[in-house]
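# Secondary and tertiary structure notes
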Amino acid sequence: MPTKSKKAKTKKNLVIVESPAKAKTIEKYLGRNYHVIASKGHIRDLPKSQMGIDFENDYQPKYISIRGKGDTIKELKAEAKKAKQVYLASDPDREGEAIAWHVAHVLKLDENQKNRVTFNEVTKDAVKESFKHPRTIDMDTVDAQQARRVLDRIVGYSLSPILWSKVKKGLSAGRVQSVALKLVINREKEIKEFKPQEYWTIEAQFSKGKEKFQSSFYSIDGKKAELKNIDDVKNVLTKIDKKAKFEVSQVVASERRRQPAAPFTTSTMQQEANKRLGYRTRRTMSIAQQLYEGISLGKEGTVGLITYMRTDSKRTSPVAQQEASKFLHEQYGPEYASKNQRHFKNQEDAQDAHEAIRPTSVYRTPDSLKERLTTEQYRLYKLIWSRFLASEMTPAVYDTVRADIVQNGVTFRTIGSKMKFAGYTKVYDNQKEKSVELPDLQEKDQVKLEKSDNKQHFTLPPARYTEASLVRALEENGVGRPSTYAPTIDTIQRRYYVKLEGRSIVPTELGEIVDQLIEEFFPDIVNIDFTAQLENDLDSVEDGQKNWVKVVDEYYQPLKKELDTASTKIEKIQIKDEPAGFDCDICGAPMVIKLGRYGKFYACSRFPDCRNTKPIVKKIGVTCPKCGKGEIVEKKSKKNRKFYGCSRYPDCDFVSWDQPIGRNCPNDGHYLVQKKTKKNLVVLCPNGDYREEAKEDSDE
């Protein structure tokens, strides 16, 4: 009896993406003829043990397989060997293009083969459409990434050893991080050098009939006047007869329209998430990555909820705009939908390869997904969804009235504003404008001065940077790109060049030492214009207008001259230990305050003979409510979040995220804590409903 021949197994197309989470989602979209696996990021990079740049041969990088990626590379090779066709579907940016190129090199794929696939959103339609239009790897984009990687390696591996030998081990310098540090330190100098200027205001309450309204001093004899001191105030007040009526001299009514903001770029998303949600930049990007790669929506399967989250473009696709318009007509009415598709202007140096960050479908409303998302995912998705939808809505319309009220040449001005039509603010309002209603004022009306109040003020120094405002400053100065903001801010904190006080970024002594050294010996590294020009040059490489080797050479040659003299001219910087004011409880020698990698700490002055160390803790003057013996001290978690614990730990394990205040709740006797809200400081009972307004603000 003849034997039946086994049916030949059909070869599948292999698709290589970056993340395992995305691999599962895309395999479901593409069907049984495709197998999708992940490279798990880069598989090749420069070696950590050496510079890895061939300076004699056009700065050629010496790539090696990344340690720990052996099994991944083995899997990629095995799967590629039995595949019908290999597609490279890493992320649609420079890093993604470089990853595709490295994978192609390891798998020995034909460079001229159209096997590169990109999509801006992980949805079934977008993914399937992208596979209809594969292309070759874009070597201009790869070269732009290579130029950045080579330059970052040259700067880092040239400057870091100098910092190690002249300051302390574990330090680093980099193109973007050094500029970020410089911005923080320059702001701190501005604050220290700031000289407050005195000025005064006069606020008045007027009445027309039974209606009262507020007004502010504006001018004398028709000329706008500044009140620089108390004499200026007295000069105004002597001209006013408080018993006589004021006359309304001018009333100007108008309609004002407020336009919606553009949909998010990486920078604006990080800024708003920091301001509104309190998320650090790295945390925001991590949550956005999850939303982009896909969330399981039950029967619908796993779906990417937002478009690619590394972009500096404000452009959105016509298809997405049409869907938003349809949604607005259905849910809010035609009066809320913009009649024309909006086109927001990009910054001059913005790349336009990707859309702005938007939901992949506005019909997936935040509330409809709430049960499927974590709290963090829901909050960020709602922010992105609302911002995009608002960008396709009509303006908010306000009726405004400006009235001048005069007596003896002294003019007070009052401005009223009332919302006439909510427009986009029905969905998303990034300004929170309050309505100020005025009585019906007409020219020649007589109004009565009820009371006036003059106050002394002083101009304030510029605010310290927060993560949000530092991202904005980097973007405005053209330093870095969307993918670099979060790791840059993270690096200068991990190196302890800066620290967080509340949300403010404050330079440390170590940061100031490093900045001063780089400023003196490597001025181009911290030159904002020089660094911004390099970003433009890298963009030109990506556009095919410049050669990457030439860009690297133009940057390296002046740096080489500085390096040749720096190592001999820089003197070793001794960071002196400060006396701690108490003795070591092990050997009795004086304790000192040392500067370590993660900040200052107490150490025995006999180190290394005595290795006794203690953390520096801040006492808040409150006895531990649990044991009644220890003192409450302020501590920092591994993620640098402030919390409060007992000084007798581990004998007493009391901890609290909120600061105990040393009083107990009148309702149940539980200890009270103070908590900062967006508006003020409140005292709460963690165990019940007790709440009171705190008298003083916190130090955050």
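Residues numbered from 1 in each chain as written. Predicted model: local features only at pLDDT ≥ 70, side-chain atom pairs only at ≥ 80, totals over all residues. Heavy atoms only, no water.

Applied cut-off: UniProt positions are given in the numbering used here, feature names are shortened, and annotations may be inferred rather than shown by experiment.
If you look the chain up in an unreviewed UniProt entry, it shows as DNA topoisomerase 1 from Lactobacillus gigeriorum DSM 23908 = CRBIP 24.85. The UniProt entry for the chain carries the following text under Sequence similarities (unreviewed entry): "Belongs to the type IA topoisomerase family." Database annotation for the chain, UniProt heading Subunit (unreviewed entry): "Monomer."

## Focus on the UniProt feature "site: Interaction with DNA" (unreviewed entry) in the chain
The criterion, for reference: Here a strand is any run of E in DSSP of at least two residues, a helix any run of H or I of at least four, and the numbering for each starts at the N terminus. Buried residues are those whose accessible area, probed at 1.4 Å on protein chains only, stays under 20% of the maximum for their type, while exposed residues exceed 50% and partly exposed ones sit between those limits.
Mapped onto the present numbering, the UniProt feature "site: Interaction with DNA" (unreviewed entry) falls at His42, Arg148, Arg149, Asp152, Tyr157, Trp164, Arg310 and Arg495. Across 454 residues, the annotated set is spatially dispersed, with a maximum C-alpha separation of 33.4 Å. With respect to the helices and strands, the residue Arg148 is situated in helix 5 (residues 139-166). Among the structural elements, Arg495 can be located in the loop between helix 14 (485-494) and strand 17 (498-501). You can call Arg495 buried: its relative accessible area is 18%.

## Quick notes on the domain arrangement of the chain
To keep it simple, the criterion reads: Per the annotation, domain bounds derive from an automatic or database assignment of domains. Residues count as neighbours in contact if any of their non-hydrogen atoms are within 4.5 Å of one another. A simple way to read buried area is as the amount of 1.4 Å-probe accessible surface that goes missing from two parts once joined, with both sides added. We define a salt bridge as a side-chain nitrogen of Lys or Arg found within 4 Å of a carboxyl oxygen belonging to Asp or Glu. In protein, a polar contact requires one atom able to donate a hydrogen and another able to accept it; more generally it is a pair of N or O atoms within 3.5 Å, and residues adjacent in sequence count only if both atoms are side-chain atoms. For this scheme, ten residues count as nonpolar: Ala, Val, Leu, Ile, Met, Phe, Trp, Tyr, Cys and Pro. Four count as charged, namely Asp, Glu, Lys and Arg, and the remainder, Gly too, count as polar.
If you check the domain split of the chain, you get domain 1 (13-137), domain 2 (146-193 + 463-572), domain 3 (198-259 + 396-458), domain 4 (266-392), domain 5 (578-616) and domain 6 (631-699). The C-alpha-based centres of domain 1 and domain 2 are spaced at 30 Å. Contact residues are listed per partner, giving 15 residues for domain 1 and 17 residues for domain 2. Summing both partners gives a buried area of about 1400 Å² for domain 1 against domain 2, and 57% of it is carried by carbon and sulfur. When residues of domain 1 are sorted by the area they lose upon contact with domain 2, Met51, Tyr59 and Arg94 head the list and together hold 49% of the total. Remark: the boundary between domain 1 and domain 2 carries 3 salt bridges. For the salt bridge of Asp45 with Arg149, the shortest nitrogen-to-oxygen distance reads 3.0 Å. One can count 10 residue pairs in polar contact (both at pLDDT 80 or more) joining domain 1 with domain 2. Broken down by secondary-structure element, the contributors of at least two residues to the side of domain 1 that touches domain 2 are strand 5 (60-61) and helix 3 (94-106). Across the side of domain 1 that touches domain 2, the residue classes break down as 9 nonpolar, 2 polar and 4 charged.

## A word on a positive patch on the surface
The line we're drawing: Exposure above 30% relative accessible area and the absence of a salt bridge qualify a residue for a patch, where like charges join within 9 Å and nonpolar side chains (Val, Leu, Ile, Met, Phe, Trp, Tyr) within 5 Å. Calculation of accessible area relied on Shrake-Rupley with a 1.4 Å probe; when residues are assessed, cover is drawn exclusively from the protein chains displayed. For the purpose of charge, His is not counted, nor are the chain termini; Lys and Arg are scored as positive and Asp and Glu as negative. Just so you know, the charge point we use is NZ for Lys, CZ for Arg, CG for Asp and CD for Glu.
A cluster of basic side chains, namely Lys212, Lys245, Lys448 and Lys451, defines a positive patch on the protein surface. Topologically, Lys451 is positioned in strand 16 (residues 446-458).

## Side note on the state of the cysteines
How we decide: The term disulfide is used for any two cysteine sulfur atoms that are within 2.5 Å.
Tallied over the entire structure, the rule returns 0 disulfides. Not engaged in a disulfide, the cysteine Cys584 finds its nearest cysteine sulfur in Cys610; these two sulfurs lie 3.8 Å apart. Taking relative accessible area as the criterion, Cys584 reaches 5% and is therefore assigned buried. Among the cysteines around Cys587, which has no disulfide bond, Cys604 carries the closest sulfur, lying 3.5 Å off.

## Description of the environment of Arg32
When you line up the elements, Arg32 lands in the loop between helix 1 (20-30) and strand 2 (34-38). The exposure class of Arg32 is exposed, given its relative accessible area of 73%. In this structure, the C-alpha to C-alpha distance between Arg32 and Asn13, residues 19 residues apart in sequence, is 9.4 Å.

## Things to note about the sheet that holds strand 24 (residues 631-636)
Put simply, the test is: Strands are labelled as partners when DSSP assigns at least two bridges between them.
If you walk across this open sheet you meet the 4 strands as 23-24-25-26, and the pairing is antiparallel. The sheet is open, and its two edges are formed by strand 23 (618-623) and strand 26 (655-656), each paired on a single side.

## Focus: the UniProt feature "active site" (unreviewed entry) in the chain
As recorded in UniProt, the sites labelled "active site" (unreviewed entry) are Tyr308. Mapping Tyr308 onto the fold places it in the loop between strand 13 (302-303) and helix 10 (318-331). In contact with Tyr308, not counting residues within four places along its chain, are Asp91, Pro92, Asp93, Asn120, Tyr292, His354 and Ile357. There is a polar contact of 2.5 Å between the side chain of Tyr308 and the side chain of Asp93.

## Points about the environment of Gln377
With respect to the helices and strands, the residue Gln377 is situated in helix 12 (residues 375-391). On the basis of relative accessibility, which here comes to 8%, the residue Gln377 falls in the buried class. Between the alpha carbons of Gln377 and Ala288 there is a distance of 7.7 Å; along the sequence they are 89 residues apart. Dropping the residues within four chain positions of it, Gln377 is found in contact with Ile287, Gln290, Leu291, Ile295 and Arg372. From its side chain, Gln377 meets the backbone nitrogen of Thr374 in a polar contact 3.0 Å long.

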